[in-house]
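# A look at the structure
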Amino acid sequence: MKRSVIFIIVLLCVAWGACKKASGPANGKSVQLDNNRDSLVNMNAAVNGNGWHTDSAFGYKVRSSGNDSSASGMMITAVNKNNGNPSTITFFINNYKGLARYSINPPFVTATYYLGTTRHYATYGDVNFTSNANYSLIGDFYFLADSFSINGSFNVALP
């Protein structure tokens, strides 16, 4: 009886020690919003020469819904909440293949500038992906959308 009680106590101590959670941020990804480890996620641009900046920039992988399961796209979105008049820059690259320069070619490669609820589609320009190291996707862009000339750079978490 005494042996079984000691065995149960030892077994409970081992089980309790095995359930302990790993501490510290060393096991997390580097570039993510609000993880208190990296503040590099952003998009900076010049819209007709005026500064445009945001800390809320996101990258998404877009999977094809068709039979071609290997095809995927890339979408990057950033919103600037400027005193109640938000503006957004969005890129979509169909069939994203990695680091390269993608020329604006709707509907395959698009760039859109939203000013409030009005959309301005790009007619000319490119999106250049330059690095995908350390869990981040870094690049720059330039495009013309209606009367807006927009150029800048981005750093988003690698989707």
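Parameters at a glance
Residues numbered from 1 in each chain as written. Predicted model: local features only at pLDDT ≥ 70, side-chain atom pairs only at ≥ 80, totals over all residues. Heavy atoms only, no water. Salt bridge = Lys/Arg side-chain N within 4 Å of Asp/Glu carboxyl O. Helix = DSSP H or I, 4+ residues; strand = E, 2+ residues; numbered from the N terminus. Pairing = 2+ DSSP bridges. Core = buried A, V, L, I, M, F, W, Y, C linked by side-chain atoms within 4.5 Å. Buried < 20%, exposed > 50% of the residue type's maximum accessible area, 1.4 Å probe, protein only. Contact = heavy atoms within 4.5 Å.

## Considerations on the pattern of salt bridges
Under the definition given, this model contains one salt bridge. Note that Arg101 and Asp126 form a salt bridge whose closest N and O atoms lie 3.1 Å from each other. One end of the pair, Arg101, is in strand S6 (residues 101-103); the other, Asp126, is in strand S8 (residues 118-131), and 25 residues separate them in sequence.

## A closer look at the pairing of S8
Alignment of S6 against S8, held across three bridges, turns out to be antiparallel. By the bridge assignment, Tyr102 is partnered in S8 with Val127. Looking at chain direction, strand S7 (residues 109-115) and S8 are connected through four bridges and run antiparallel. Counterpart to Thr112 in the pairing with S8 is Tyr121. Between S7 and S8, which follow one another and run antiparallel, lie two residues, and Gly116 among them has a positive phi close to 65 degrees.

## Points about the nonpolar core
Within the largest apolar cluster, 29 residues are counted, with the highest numbers of intra-cluster contacts made by Met43, Ile89, Phe91, Phe129, Phe141 and Phe143. Those elements giving two or more residues to this core turn out to be strand S1 (42-47), strand S4 (72-82), strand S5 (85-93), S7, S8, strand S9 (136-145) and strand S10 (148-157). Sequence-distant contacts of Met43, that is, excluding residues within four places in its chain, are made with Trp52, His53, Thr54, Ala57, Ile76, Ala78, Ile89, Phe91, Phe141, Ser153 and Phe154.

That's the geometry; what it means functionally is another story.
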